[in-house]
Structure formats: structure tokens, C-alpha cells
Amino acid sequence: AMMLAAIPSPVNYDRSRHKELKKWADNYNIDFLDMNLLTDEIGIDWNTDTKDGGDHLNLNGSKKVTAYLGKYISKRYKLKSHKSDERYSEWTNAAEDCDLYNS
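Residues numbered from 1 in each chain as written. Predicted model: local features only at pLDDT ≥ 70, side-chain atom pairs only at ≥ 80, totals over all residues. Heavy atoms only, no water.

1. A short note on the pattern of salt bridges
Okay, so step 1: The tally for this structure, following the rule as stated, stands at four salt bridges.
Okay, so step 2: When the shortest N-O distance is used, the salt bridge between K22 and D26 registers 3.0 Å. Of this pair, K22 and D26 both sit in helix α1 (residues 15-27), separated by four residues, roughly a single helical turn.
Okay, so step 3: A salt bridge links R76 to D31, with the nearest nitrogen and oxygen atoms 2.9 Å apart. Of this pair, R76 sits in helix α3 (residues 59-76) while D31 sits in strand β2 (residues 31-34), and the two are 45 residues apart along the sequence.
Okay, so step 4: By relative accessible area, R76 is classed as exposed at 52%. (Salt bridge = Lys/Arg side-chain N within 4 Å of Asp/Glu carboxyl O. Helix = DSSP H or I, 4+ residues; strand = E, 2+ residues; numbered from the N terminus. Buried < 20%, exposed > 50% of the residue type's maximum accessible area, 1.4 Å probe, protein only.)

Given below as C-alpha cells:
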């Protein structure tokens, strides 16, 4: 399965981009998750979750988006977790280094 996700970024995102991405995803029968429309549900606070006024998320905002996206993918797709798999230890170590498991 393939999906397309738009990460919250009000500085660089608008309704026309949403419409074009949605149209493209629908045309190719691809799931489209526009998190710009879900900032309240995700819990984004533009005063604390960005350092540049909404152009890019900071670590705090990234943790919120990563947690939301992980839950979304887990609910929607049947993917096996490799969190404890030694073959994927580099990913686990990187996530731990970024403190992603404590969001």
C-alpha cells in the first residue's frame, strides 16, 4: 500500500496545494493524509512546536506528528512492527536518540 502525507506547514501550504495533492492521490487511488487540516487533533501549538513561525516543525512538533502518523498507519494498514527486531536496530537507535519514544 502507498500513501501520501502532508506535514503541517502553514507558511508553505494552502488550499490550492491541498486540492492538487488530493486530486493527484485520488487519480492514482492513493490514500492522502493532510495533517495541515488536523493540527488541532494532532495538538500542534504554533508557539511551541516550531522555531520559525510555522515553516518547519521543531523536535516537539515533530514528535507530535510522528506519534499521530504512527497511530494512523497502525490503524489503517496491517504492518508488522520491527521495533524489537535486531535487523532494524539502527532505526530504533535513531528514534531513541531523538527521544521519539517518549512523546
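Further notes follow.
2. Quick word on the side chain of T50
Okay, so step 1: Within the secondary structure layout, T50 lies in the loop between α2 (39-42) and α3.
Okay, so step 2: Here G54 takes part through its backbone nitrogen, which lies 3.1 Å from a polar atom of the side chain of T50.
Okay, so step 3: At 2.5 Å, the side chain of T50 forms a polar contact with the backbone oxygen of H56.
Okay, so step 4: Residues in contact with T50, not counting those within four places in the same chain, are D55, H56, L57 and N58. (Polar contact = N/O pair within 3.5 Å; in protein donor to acceptor, adjacent residues only side chain to side chain. Contact = heavy atoms within 4.5 Å.)

3. What to know about α3
Okay, so step 1: Taking 1.5 Å per residue, 18 residues should reach 26 Å; α3 reaches 25 Å between its end C-alpha atoms and fits that length.
Okay, so step 2: G61, K63, V65, Y68 and Y72 are the residues of α3 that are buried.
Okay, so step 3: Residues of α3 that are buried in the fold lie against β1 (3-6), β2 and α2.
Okay, so step 4: For α3, the N-terminal cap is N58; the gap from its side-chain oxygen to the backbone nitrogen of N60 is 3.1 Å. (Expected span 1.5 Å × (residues − 1).)

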